Amino acid sequence: MPILGLSPNQPPSFPEHFDVESAIRPNILALHPYRCARDDYSEGILLDANENALGHSIVQNTNGPTPEESSSPLTRGIEDTLALPLHRYPDPVHLPIKQRITSLRPIPSPENVFLGVGSDEVLDLLIRVFVQPGVGPDGQGRRYEKILITPPTYGMYSVCAQVNDVGVVKVPLRVKESDIGGQEGGKTGRFSLDVDALKAAVIHEQRELGNTIKIIFLCSPGNPTGTLLDPESIKEVLEWSEFKGIVVVDEAYIDFVGSGEADDAKMDEEINKKSAASLVGKYHNLVVTQTLSKSFGLAGIRLGIALASVPIVQILSNTKAPYNISVPTAHLALKALSPESLSLWRSNIRTLTASRMSLIQTLQDLSKQNDNDLGVGPIIGGNDANFVLVRILEKTKGNKERRPDSARAQKIYKRLAEQMGVVVRYRGNELGCDGCLRITIGTEEENAMAVEKLQEAMKLL
(Lines give C-alpha, C1' and ligand atoms only; values in the text may rest on other atoms or scores of the structure.)
Protein backbone atom coordinates (compact mmCIF):
# COMPACT_ATOMS: atom_id res chain seq x y z
CA MET A 1 0.00 0.00 0.00
CA PRO A 2 1.45 3.42 -0.93
CA ILE A 3 1.86 6.25 1.58
CA LEU A 4 -1.14 8.57 1.29
CA GLY A 5 -0.23 12.02 0.02
CA LEU A 6 3.11 10.91 -1.39
CA SER A 7 3.91 11.67 -5.00
CA PRO A 8 4.31 8.42 -6.99
CA ASN A 9 7.44 9.75 -8.71
CA GLN A 10 9.89 8.85 -5.95
CA PRO A 11 13.48 7.76 -6.61
CA PRO A 12 14.45 4.13 -5.95
CA SER A 13 15.08 3.37 -2.30
CA PHE A 14 18.63 3.22 -1.03
CA PRO A 15 19.93 1.03 0.43
CA GLU A 16 18.13 -1.54 -1.69
CA HIS A 17 17.22 -3.77 1.26
CA PHE A 18 15.12 -1.00 2.83
CA ASP A 19 11.43 -0.74 1.97
CA VAL A 20 9.78 2.10 3.85
CA GLU A 21 6.23 0.84 3.30
CA SER A 22 7.13 -2.54 4.82
CA ALA A 23 8.79 -0.83 7.78
CA ILE A 24 5.72 1.26 8.69
CA ARG A 25 3.00 -0.25 10.87
CA PRO A 26 0.15 -1.40 8.58
CA ASN A 27 -2.52 0.60 10.41
CA ILE A 28 -0.42 3.78 10.13
CA LEU A 29 0.25 3.14 6.44
CA ALA A 30 -3.51 2.85 5.86
CA LEU A 31 -4.28 5.95 7.94
CA HIS A 32 -6.29 8.70 6.27
CA PRO A 33 -4.89 11.81 7.96
CA TYR A 34 -7.14 14.42 9.50
CA ARG A 35 -7.61 17.22 7.01
CA CYS A 36 -7.72 20.53 8.84
CA ALA A 37 -9.28 23.75 7.60
CA ARG A 38 -5.96 25.42 6.83
CA ASP A 39 -5.01 22.56 4.51
CA ASP A 40 -7.60 23.95 2.10
CA TYR A 41 -7.64 27.74 2.43
CA SER A 42 -5.77 30.31 4.52
CA GLU A 43 -6.90 33.63 3.05
CA GLY A 44 -10.17 35.50 2.77
CA ILE A 45 -13.01 35.80 5.26
CA LEU A 46 -12.23 32.67 7.27
CA LEU A 47 -15.43 31.19 8.64
CA ASP A 48 -14.46 27.54 8.22
CA ALA A 49 -12.61 26.53 11.41
CA ASN A 50 -14.90 27.73 14.23
CA GLU A 51 -12.27 30.18 15.46
CA ASN A 52 -13.14 33.25 17.56
CA ALA A 53 -13.32 36.10 15.05
CA LEU A 54 -13.23 38.71 17.87
CA GLY A 55 -9.66 37.77 18.75
CA HIS A 56 -8.04 36.85 22.07
CA SER A 57 -9.24 38.16 25.44
CA ILE A 58 -5.89 38.91 27.06
CA VAL A 59 -6.01 42.31 28.77
CA GLN A 60 -2.76 44.19 29.14
CA ASN A 61 -2.13 46.72 31.88
CA THR A 62 -4.88 49.30 31.33
CA ASN A 63 -2.64 52.07 32.66
CA GLY A 64 0.08 51.15 30.21
CA PRO A 65 3.52 49.80 31.06
CA THR A 66 5.68 51.50 33.65
CA PRO A 67 8.89 53.19 32.40
CA GLU A 68 10.86 50.17 33.58
CA GLU A 69 8.49 47.80 31.80
CA SER A 70 8.58 49.87 28.61
CA SER A 71 12.32 49.34 28.32
CA SER A 72 12.11 45.64 29.13
CA PRO A 73 12.70 43.20 26.24
CA LEU A 74 10.16 40.90 27.89
CA THR A 75 7.44 43.55 27.72
CA ARG A 76 8.18 44.26 24.08
CA GLY A 77 8.19 40.52 23.39
CA ILE A 78 4.78 40.08 24.99
CA GLU A 79 3.39 42.94 22.94
CA ASP A 80 4.80 41.42 19.76
CA THR A 81 3.30 38.04 20.65
CA LEU A 82 -0.14 39.46 21.40
CA ALA A 83 -0.08 41.23 18.03
CA LEU A 84 0.15 37.87 16.24
CA PRO A 85 -3.05 36.26 14.87
CA LEU A 86 -3.47 34.12 17.98
CA HIS A 87 -7.17 33.62 17.32
CA ARG A 88 -6.35 31.72 14.13
CA TYR A 89 -5.09 28.17 13.86
CA PRO A 90 -1.47 28.07 12.69
CA ASP A 91 -0.17 27.03 9.30
CA PRO A 92 -0.01 23.20 9.35
CA VAL A 93 3.01 23.10 6.98
CA HIS A 94 5.31 26.05 7.91
CA LEU A 95 7.08 26.05 4.56
CA PRO A 96 9.09 29.27 5.23
CA ILE A 97 10.71 27.65 8.30
CA LYS A 98 11.50 24.50 6.35
CA GLN A 99 13.04 26.55 3.55
CA ARG A 100 15.38 28.31 5.97
CA ILE A 101 16.37 25.00 7.58
CA THR A 102 17.13 23.65 4.10
CA SER A 103 19.41 26.63 3.45
CA LEU A 104 21.29 25.95 6.69
CA ARG A 105 21.55 22.15 6.67
CA PRO A 106 22.96 19.78 3.99
CA ILE A 107 19.63 18.34 2.81
CA PRO A 108 18.03 18.27 -0.67
CA SER A 109 14.79 20.24 -0.15
CA PRO A 110 12.14 21.48 2.32
CA GLU A 111 10.28 18.24 1.62
CA ASN A 112 12.96 16.52 3.73
CA VAL A 113 12.00 18.53 6.84
CA PHE A 114 9.42 17.66 9.51
CA LEU A 115 8.70 19.90 12.51
CA GLY A 116 7.64 18.73 15.95
CA VAL A 117 6.97 20.05 19.44
CA GLY A 118 10.57 19.61 20.51
CA SER A 119 12.56 16.65 19.25
CA ASP A 120 10.84 14.55 21.94
CA GLU A 121 7.59 14.64 19.95
CA VAL A 122 9.53 13.49 16.89
CA LEU A 123 11.11 10.59 18.80
CA ASP A 124 7.75 9.47 20.19
CA LEU A 125 6.07 9.80 16.81
CA LEU A 126 8.74 7.69 15.11
CA ILE A 127 8.11 4.86 17.56
CA ARG A 128 4.34 5.11 17.03
CA VAL A 129 4.75 5.05 13.24
CA PHE A 130 7.27 2.21 12.92
CA VAL A 131 6.98 -0.08 15.96
CA GLN A 132 4.02 -2.32 16.78
CA PRO A 133 3.14 -2.11 20.51
CA GLY A 134 3.44 -5.16 22.69
CA VAL A 135 6.12 -6.61 24.95
CA GLY A 136 6.53 -9.99 26.58
CA PRO A 137 6.98 -10.61 30.32
CA ASP A 138 9.76 -8.31 31.61
CA GLY A 139 10.25 -7.05 28.08
CA GLN A 140 11.28 -10.51 26.85
CA GLY A 141 9.58 -12.96 24.53
CA ARG A 142 9.25 -13.82 20.86
CA ARG A 143 7.73 -12.22 17.79
CA TYR A 144 7.77 -8.66 19.11
CA GLU A 145 8.93 -5.42 17.52
CA LYS A 146 11.53 -3.48 19.48
CA ILE A 147 13.89 -0.53 19.45
CA LEU A 148 17.63 -0.65 20.11
CA ILE A 149 19.55 1.94 22.14
CA THR A 150 23.23 2.33 22.99
CA PRO A 151 23.76 3.34 26.65
CA PRO A 152 24.88 5.60 28.11
CA THR A 153 22.40 7.64 26.12
CA TYR A 154 19.44 10.01 26.25
CA GLY A 155 16.78 8.63 28.58
CA MET A 156 13.73 9.62 26.53
CA TYR A 157 14.22 6.79 24.04
CA SER A 158 13.38 4.26 26.75
CA VAL A 159 10.60 6.44 28.18
CA CYS A 160 8.92 6.77 24.79
CA ALA A 161 9.26 3.03 24.26
CA GLN A 162 7.63 2.25 27.60
CA VAL A 163 4.80 4.70 27.00
CA ASN A 164 4.15 2.98 23.67
CA ASP A 165 4.47 -0.54 25.15
CA VAL A 166 7.57 -1.32 23.10
CA GLY A 167 10.54 -3.45 24.14
CA VAL A 168 14.08 -2.07 24.34
CA VAL A 169 17.32 -3.84 23.43
CA LYS A 170 20.47 -2.30 24.91
CA VAL A 171 23.91 -2.47 23.27
CA PRO A 172 26.42 -0.42 25.28
CA LEU A 173 28.85 1.98 23.71
CA ARG A 174 32.49 1.10 24.38
CA VAL A 175 33.18 2.02 28.02
CA LYS A 176 35.70 -0.55 29.31
CA GLU A 177 39.18 0.90 29.76
CA SER A 178 40.65 -2.31 28.36
CA ASP A 179 38.69 -1.82 25.11
CA ILE A 180 39.32 1.85 24.33
CA GLY A 181 43.11 2.09 24.29
CA GLY A 182 43.12 5.41 26.14
CA GLN A 183 41.20 7.10 23.29
CA GLU A 184 38.04 9.19 23.36
CA GLY A 185 35.42 8.71 20.65
CA GLY A 186 36.36 7.89 17.08
CA LYS A 187 35.88 4.37 15.78
CA THR A 188 37.02 2.41 18.85
CA GLY A 189 37.60 4.92 21.68
CA ARG A 190 35.48 5.62 24.75
CA PHE A 191 31.76 6.01 23.98
CA SER A 192 32.24 4.82 20.39
CA LEU A 193 29.65 2.68 18.63
CA ASP A 194 30.37 -1.06 18.93
CA VAL A 195 29.03 -2.07 15.51
CA ASP A 196 29.92 -5.76 15.91
CA ALA A 197 28.04 -5.98 19.23
CA LEU A 198 25.09 -4.14 17.71
CA LYS A 199 24.92 -6.57 14.80
CA ALA A 200 25.18 -9.54 17.15
CA ALA A 201 22.26 -8.22 19.23
CA VAL A 202 20.08 -7.68 16.16
CA ILE A 203 20.87 -11.15 14.84
CA HIS A 204 20.10 -12.70 18.24
CA GLU A 205 16.74 -10.93 18.44
CA GLN A 206 15.71 -11.59 14.86
CA ARG A 207 17.10 -15.05 14.12
CA GLU A 208 16.95 -16.71 17.52
CA LEU A 209 13.97 -15.02 19.19
CA GLY A 210 11.92 -14.13 16.14
CA ASN A 211 11.68 -10.46 17.15
CA THR A 212 12.24 -7.49 14.85
CA ILE A 213 14.36 -4.44 15.61
CA LYS A 214 12.52 -1.57 13.93
CA ILE A 215 14.48 1.48 15.12
CA ILE A 216 18.10 1.96 16.20
CA PHE A 217 18.54 5.19 18.20
CA LEU A 218 22.01 6.76 18.11
CA CYS A 219 22.79 9.95 20.02
CA SER A 220 25.57 11.96 18.35
CA PRO A 221 27.03 13.94 20.01
CA GLY A 222 25.86 11.82 22.90
CA ASN A 223 24.11 12.78 26.10
CA PRO A 224 25.70 12.38 28.62
CA THR A 225 28.85 11.40 26.69
CA GLY A 226 29.39 14.58 24.67
CA THR A 227 30.93 12.37 21.98
CA LEU A 228 30.35 12.49 18.23
CA LEU A 229 29.86 9.03 16.76
CA ASP A 230 32.11 7.90 13.93
CA PRO A 231 30.28 8.55 10.61
CA GLU A 232 31.68 5.41 8.98
CA SER A 233 30.20 3.32 11.81
CA ILE A 234 26.80 4.93 11.19
CA LYS A 235 27.07 4.18 7.46
CA GLU A 236 27.95 0.57 8.22
CA VAL A 237 24.72 0.16 10.19
CA LEU A 238 22.67 1.93 7.48
CA GLU A 239 24.04 -0.37 4.77
CA TRP A 240 23.74 -3.62 6.74
CA SER A 241 21.15 -5.71 4.93
CA GLU A 242 20.14 -7.75 7.98
CA PHE A 243 18.55 -4.64 9.51
CA LYS A 244 15.49 -3.42 7.63
CA GLY A 245 14.28 -0.73 10.00
CA ILE A 246 15.34 2.90 10.37
CA VAL A 247 18.34 4.49 12.07
CA VAL A 248 17.61 7.64 14.07
CA VAL A 249 20.62 9.89 14.75
CA ASP A 250 19.77 12.40 17.48
CA GLU A 251 21.84 15.53 16.84
CA ALA A 252 20.58 17.92 19.52
CA TYR A 253 24.17 19.06 20.17
CA ILE A 254 25.57 18.96 16.63
CA ASP A 255 26.33 22.67 16.40
CA PHE A 256 28.98 22.39 19.12
CA VAL A 257 31.18 19.90 17.24
CA GLY A 258 33.21 22.58 15.49
CA SER A 259 36.35 24.41 16.54
CA GLY A 260 34.67 27.82 16.44
CA GLU A 261 35.83 28.88 12.98
CA ALA A 262 35.90 32.68 12.57
CA ASP A 263 34.63 32.50 8.98
CA ASP A 264 30.87 31.90 8.81
CA ALA A 265 30.96 29.73 5.69
CA LYS A 266 33.79 27.58 7.06
CA MET A 267 31.98 27.23 10.38
CA ASP A 268 28.80 25.99 8.70
CA GLU A 269 30.82 23.67 6.47
CA GLU A 270 32.63 22.16 9.46
CA ILE A 271 29.35 21.45 11.28
CA ASN A 272 27.57 20.05 8.22
CA LYS A 273 30.52 17.82 7.32
CA LYS A 274 30.27 16.14 10.73
CA SER A 275 26.48 15.95 10.73
CA ALA A 276 24.62 12.83 9.64
CA ALA A 277 22.22 15.21 7.90
CA SER A 278 24.67 15.12 4.99
CA LEU A 279 23.59 11.48 4.48
CA VAL A 280 19.83 12.13 4.33
CA GLY A 281 19.81 12.69 0.57
CA LYS A 282 21.32 9.24 0.00
CA TYR A 283 20.03 6.95 2.76
CA HIS A 284 16.26 6.51 2.89
CA ASN A 285 16.45 4.53 6.16
CA LEU A 286 17.96 7.47 8.07
CA VAL A 287 16.23 10.06 10.24
CA VAL A 288 18.29 12.87 11.79
CA THR A 289 16.68 14.79 14.64
CA GLN A 290 17.76 18.29 15.63
CA THR A 291 16.35 21.08 17.78
CA LEU A 292 16.32 24.81 18.41
CA SER A 293 16.69 24.17 22.16
CA LYS A 294 20.48 24.02 22.44
CA SER A 295 22.68 26.13 20.15
CA PHE A 296 19.78 28.43 19.20
CA GLY A 297 18.95 29.09 22.87
CA LEU A 298 15.22 28.51 22.33
CA ALA A 299 14.41 25.63 24.68
CA GLY A 300 11.28 27.48 25.79
CA ILE A 301 9.54 27.50 22.39
CA ARG A 302 9.77 23.71 21.88
CA LEU A 303 10.65 23.24 18.23
CA GLY A 304 12.16 19.96 17.09
CA ILE A 305 13.25 18.95 13.62
CA ALA A 306 13.42 15.67 11.71
CA LEU A 307 15.48 15.49 8.53
CA ALA A 308 14.59 12.42 6.48
CA SER A 309 13.57 11.01 3.12
CA VAL A 310 10.39 12.43 1.59
CA PRO A 311 8.33 9.25 2.28
CA ILE A 312 9.22 9.28 5.98
CA VAL A 313 8.43 13.01 6.28
CA GLN A 314 5.08 12.36 4.58
CA ILE A 315 4.09 9.53 6.93
CA LEU A 316 5.09 11.62 9.96
CA SER A 317 2.96 14.47 8.61
CA ASN A 318 0.04 12.08 8.12
CA THR A 319 0.28 10.91 11.73
CA LYS A 320 0.99 14.09 13.71
CA ALA A 321 -1.63 16.26 15.40
CA PRO A 322 -3.15 18.79 12.97
CA TYR A 323 -1.67 22.04 14.35
CA ASN A 324 1.30 20.88 16.38
CA ILE A 325 3.48 24.02 15.96
CA SER A 326 1.93 27.08 17.59
CA VAL A 327 1.78 30.57 16.09
CA PRO A 328 4.27 32.09 18.62
CA THR A 329 6.68 29.18 18.18
CA ALA A 330 6.58 29.45 14.38
CA HIS A 331 7.04 33.24 14.53
CA LEU A 332 10.09 32.99 16.79
CA ALA A 333 11.60 30.07 14.86
CA LEU A 334 11.38 31.98 11.60
CA LYS A 335 13.11 34.98 13.19
CA ALA A 336 15.80 32.72 14.69
CA LEU A 337 16.57 31.36 11.22
CA SER A 338 16.83 34.78 9.56
CA PRO A 339 20.27 35.86 8.26
CA GLU A 340 20.62 38.49 11.00
CA SER A 341 19.79 36.02 13.76
CA LEU A 342 22.05 33.34 12.31
CA SER A 343 24.95 35.75 12.55
CA LEU A 344 24.35 36.11 16.29
CA TRP A 345 23.79 32.34 16.56
CA ARG A 346 27.23 31.66 15.12
CA SER A 347 28.76 34.21 17.47
CA ASN A 348 27.12 32.53 20.47
CA ILE A 349 28.41 29.13 19.38
CA ARG A 350 31.94 30.54 19.13
CA THR A 351 31.61 32.00 22.62
CA LEU A 352 30.32 28.74 24.10
CA THR A 353 33.02 26.72 22.33
CA ALA A 354 35.72 29.00 23.73
CA SER A 355 34.13 28.83 27.20
CA ARG A 356 34.09 25.04 26.99
CA MET A 357 37.81 24.99 26.28
CA SER A 358 38.42 27.40 29.15
CA LEU A 359 36.38 25.33 31.62
CA ILE A 360 38.17 22.15 30.56
CA GLN A 361 41.53 23.83 31.14
CA THR A 362 40.46 25.13 34.55
CA LEU A 363 39.28 21.70 35.70
CA GLN A 364 42.47 20.09 34.43
CA ASP A 365 44.52 22.69 36.32
CA LEU A 366 42.62 21.88 39.52
CA SER A 367 43.56 18.22 39.18
CA LYS A 368 47.25 19.20 39.20
CA GLN A 369 47.18 21.40 42.31
CA ASN A 370 48.52 20.15 45.65
CA ASP A 371 48.86 16.57 44.49
CA ASN A 372 45.18 16.75 43.48
CA ASP A 373 44.03 16.83 47.09
CA LEU A 374 40.52 17.72 45.89
CA GLY A 375 40.19 14.54 43.84
CA VAL A 376 39.26 16.15 40.52
CA GLY A 377 39.31 13.34 37.99
CA PRO A 378 39.73 13.34 34.22
CA ILE A 379 37.25 14.88 31.81
CA ILE A 380 35.91 12.01 29.72
CA GLY A 381 34.10 11.94 26.40
CA GLY A 382 34.70 13.84 23.18
CA ASN A 383 33.72 17.33 24.41
CA ASP A 384 31.61 17.82 21.30
CA ALA A 385 28.59 19.31 23.11
CA ASN A 386 27.81 22.32 25.32
CA PHE A 387 28.83 20.49 28.49
CA VAL A 388 31.74 18.64 30.01
CA LEU A 389 31.68 15.33 31.86
CA VAL A 390 34.15 15.35 34.75
CA ARG A 391 34.95 12.50 37.13
CA ILE A 392 35.10 12.91 40.88
CA LEU A 393 37.68 10.64 42.52
CA GLU A 394 38.06 9.20 45.98
CA LYS A 395 39.49 11.74 48.39
CA THR A 396 42.06 9.34 49.83
CA LYS A 397 45.68 10.02 48.97
CA GLY A 398 48.96 8.18 49.17
CA ASN A 399 50.15 5.48 46.84
CA LYS A 400 46.71 4.01 46.40
CA GLU A 401 45.19 4.48 42.95
CA ARG A 402 42.19 6.75 43.28
CA ARG A 403 39.07 5.41 41.66
CA PRO A 404 35.92 7.23 40.51
CA ASP A 405 33.64 7.79 43.51
CA SER A 406 29.95 7.99 42.58
CA ALA A 407 28.79 8.31 46.20
CA ARG A 408 31.06 11.31 46.73
CA ALA A 409 30.03 12.84 43.39
CA GLN A 410 26.38 12.61 44.37
CA LYS A 411 27.03 14.28 47.72
CA ILE A 412 28.90 17.10 45.97
CA TYR A 413 26.07 17.47 43.47
CA LYS A 414 23.51 17.80 46.27
CA ARG A 415 25.68 20.22 48.28
CA LEU A 416 26.13 22.43 45.21
CA ALA A 417 22.42 22.48 44.41
CA GLU A 418 20.92 22.71 47.89
CA GLN A 419 23.41 24.91 49.74
CA MET A 420 25.56 26.71 47.19
CA GLY A 421 23.13 27.71 44.45
CA VAL A 422 24.89 25.87 41.62
CA VAL A 423 22.98 23.13 39.83
CA VAL A 424 24.93 20.61 37.75
CA ARG A 425 23.84 17.08 36.84
CA TYR A 426 24.88 13.88 38.62
CA ARG A 427 25.54 11.17 36.02
CA GLY A 428 27.36 8.59 38.14
CA ASN A 429 24.51 6.12 37.73
CA GLU A 430 25.00 5.95 33.95
CA LEU A 431 26.99 3.15 32.34
CA GLY A 432 30.66 4.10 32.03
CA CYS A 433 30.13 7.40 33.87
CA ASP A 434 31.18 6.34 37.39
CA GLY A 435 31.73 9.36 39.60
CA CYS A 436 30.70 11.82 36.89
CA LEU A 437 29.18 15.26 37.09
CA ARG A 438 27.91 16.87 33.89
CA ILE A 439 28.49 20.62 33.83
CA THR A 440 26.70 22.70 31.21
CA ILE A 441 28.69 25.58 29.75
CA GLY A 442 27.22 28.76 31.20
CA THR A 443 28.20 32.39 30.95
CA GLU A 444 31.76 33.35 31.87
CA GLU A 445 30.54 34.49 35.30
CA GLU A 446 28.49 31.32 35.85
CA ASN A 447 31.41 29.09 34.91
CA ALA A 448 33.72 30.92 37.32
CA MET A 449 31.19 30.65 40.16
CA ALA A 450 30.59 26.96 39.41
CA VAL A 451 34.31 26.20 39.66
CA GLU A 452 34.64 28.22 42.86
CA LYS A 453 31.73 26.43 44.53
CA LEU A 454 32.89 23.05 43.22
CA GLN A 455 36.25 23.57 44.95
CA GLU A 456 34.48 24.53 48.20
CA ALA A 457 32.23 21.47 48.07
CA MET A 458 35.12 19.13 47.29
CA LYS A 459 37.11 20.45 50.25
CA LEU A 460 34.17 19.68 52.54
CA LEU A 461 33.16 16.29 51.18
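As the structure is a computational prediction, the values presented were derived from the model and not from experiment. (Residues numbered from 1 in each chain as written. Predicted model: local features only at pLDDT ≥ 70, side-chain atom pairs only at ≥ 80, totals over all residues. Heavy atoms only, no water.)

Draft legend 1. The overall build of the protein, seen in detail. Secondary structure summary: the protein contains 16 helices and 11 strands in total. A globule of 461 residues ought to have a C-alpha radius of gyration of about 23 Å, and the protein, at 24 Å, matches this closely. In terms of overall dimensions, the protein has C-alpha extents of about 80 × 70 × 45 Å along its principal axes. Counting across all 461 residues of the protein, residues that qualify as buried make up 51%. Sequence-distant contacts in the protein: of pairs separated by 6 or more residues, those separated by 24 or more amount to 69%. (Helix = DSSP H or I, 4+ residues; strand = E, 2+ residues; numbered from the N terminus. Rg over C-alpha atoms; globule rule 2.2 N^0.38 Å. Buried < 20%, exposed > 50% of the residue type's maximum accessible area, 1.4 Å probe, protein only. Contact = heavy atoms within 4.5 Å.)

Draft legend 2. Structural detail: the sheet that holds strand 3 (residues 167–170). Taken together, the seven strands give an open sheet; going across it, the order is 1-7-6-5-4-2-3, and neighbouring strands pair in mixed fashion. Looking at the sheet topology across the chains shown, the edges are occupied by strand 1 (113–116) and strand 3. Each adjacent strand pair in this sheet contributes to an overall mean axis angle of 25°, direction not counted. Here strand 6 (residues 286–291) runs beside strand 7 (residues 304–308); their pairing, made up of five bridges, is antiparallel. Note on strand 7: the bridge partner recorded for valine 287 is alanine 308. The strands touched by helix 5 (residues 95–104) within the sheet are strand 1 and strand 7, with strand 1 carrying the most contacts at an inclination of about 120°. Its contacts with the sheet put helix 7 (residues 156–163) on strand 2 (145–149), strand 3, strand 4 (212–219) and strand 5 (246–250), and the angle it makes with strand 2 is roughly 170°. (Pairing = 2+ DSSP bridges. Axes fitted to C-alpha atoms, helices over the stretch in contact; angles between N-to-C directions.)

Draft legend 3. Here's a closer look at the sheet that holds strand 10 (residues 425–426). Strand order in this open sheet of four strands is 8-9-11-10, and the pairing throughout is antiparallel. Looking at the sheet topology across the chains shown, the edges are occupied by strand 8 (376–380) and strand 10.

Draft legend 4. Inspection of the side chain of serine 355 at higher detail. Relative to the elements of secondary structure, serine 355 occurs in helix 14 (residues 339–368). Once residues within four sequence positions are removed from consideration, serine 355 is found in contact with Ile441 and Asn447.

Draft legend 5. Geometry of helix 10 (residues 231–238). Turning to helix 10, its buried residues number three or more, namely Ser233, Ile234, Val237 and Leu238. Down the axis, helix 10 shows its buried residues gathered within 140° of arc, on one side only. Of the surrounding secondary structure, the elements contacted by the buried residues of helix 10 are helix 9 (195–208), strand 4, strand 5 and strand 6. (Arc of directions from axis to C-beta.)

Draft legend 6. Examining the nonpolar core more closely. By size, the foremost hydrophobic cluster in this structure holds 59 residues, and its most contacted members are Leu148, Phe296 and Leu307. With four residues, helix 9 is the single largest residue contributor to this core. Among all residues touching leucine 307, those that are not within four sequence positions of it are Ile101, Arg105, Ile107, Asn112, Val113, Ala277, Val280, Leu286, Val287, Val288 and Gln290. Of all hydrophobic cores here, the second largest spans 36 residues; its members include Val131, Val166, Ile312 and Val313. (Core = buried A, V, L, I, M, F, W, Y, C linked by side-chain atoms within 4.5 Å.)

Draft legend 7. Local environment of the environment of methionine 156. Structurally, methionine 156 is set in helix 7. For the pair methionine 156 and aspartate 124, spaced 32 residues apart in sequence, the C-alpha to C-alpha distance is 8.7 Å.

Draft legend 8. A look at the packing of helix 11 (residues 264–274) against helix 14. Axis separation between helix 11 and helix 14 bottoms out at 11 Å; the angle between their running directions is 70°. Put simply, helix 11 runs roughly perpendicular to helix 14. As for the relative orientation of helix 11 and helix 14, their crossing is left-handed in sense. Residue-level inspection shows Asp264, Met267 and Asp268 of helix 11 in contact with helix 14, the latter providing Trp345, Arg346, Ile349 and Arg350. Classifying every residue of the contact of helix 11 with helix 14 gives three nonpolar, no polar and four charged. (Parallel < 35°, antiparallel > 145°, perpendicular 65-115°, else oblique. Left-handed = near helix turned anticlockwise from the far one by under 90°. Nonpolar A, V, L, I, M, F, W, Y, C, P; charged D, E, K, R; others polar.)

Draft legend 9. Spotlight on the environment of threonine 319. With respect to the element layout, threonine 319 can be found in helix 12 (residues 310–319). In this structure the C-alpha to C-alpha distance between threonine 319 and isoleucine 28, which are 291 residues apart in sequence, comes to 7.3 Å. Engagement of the side chain of threonine 319 in a polar contact is seen with the backbone oxygen of isoleucine 315, the distance being 2.7 Å. (Polar contact = N/O pair within 3.5 Å; in protein donor to acceptor, adjacent residues only side chain to side chain.)

Draft legend 10. Seen up close, the side chain of threonine 289. Looking at the element boundaries, threonine 289 is found in strand 6. Using a relative accessible area of 0% as the deciding quantity, one classes threonine 289 as buried. Discounting residues that sit within four places of it in the chain, threonine 289 has contacts with Val122, Leu123, Val248, Val249, Asp250, Glu251, Ala252, Ile305 and Ala306.

Draft legend 11. Structural context of the packing of helix 9 against helix 10. Running from N to C, helix 9 and helix 10 cross one another at 20°; their axes reach a closest spacing of 10 Å. Here helix 9 lies roughly parallel to helix 10, going by the angle between them. Judged by the twist between their axes, the crossing of helix 9 over helix 10 is right-handed. Every residue of helix 10 that contacts helix 9 at Val195, Leu198 and Lys199 is listed here: Ser233, Glu236 and Val237.

Draft legend 12. The arrangement of helix 9 in detail. In this model, helix 9 (14 residues) spans 19 Å end to end at C-alpha, consistent with the 20 Å of a helix rising 1.5 Å per residue. Within helix 9, burial applies to Val195, Leu198, Lys199, Ala201, Val202, Glu205 and Gln206. Mapping the buried residues of helix 9 onto a view down its axis gives an arc of 160°, with all of them on the same face. Those residues of helix 9 that are exposed and angled more than 90 degrees off the buried face are Asp196 and Arg207. Where helix 9 is buried, its residues touch strand 2, strand 3, strand 4 and helix 10. Just downstream of helix 9, glycine 210 is the residue with a positive phi angle, here 75°. (Expected span 1.5 Å × (residues − 1).)

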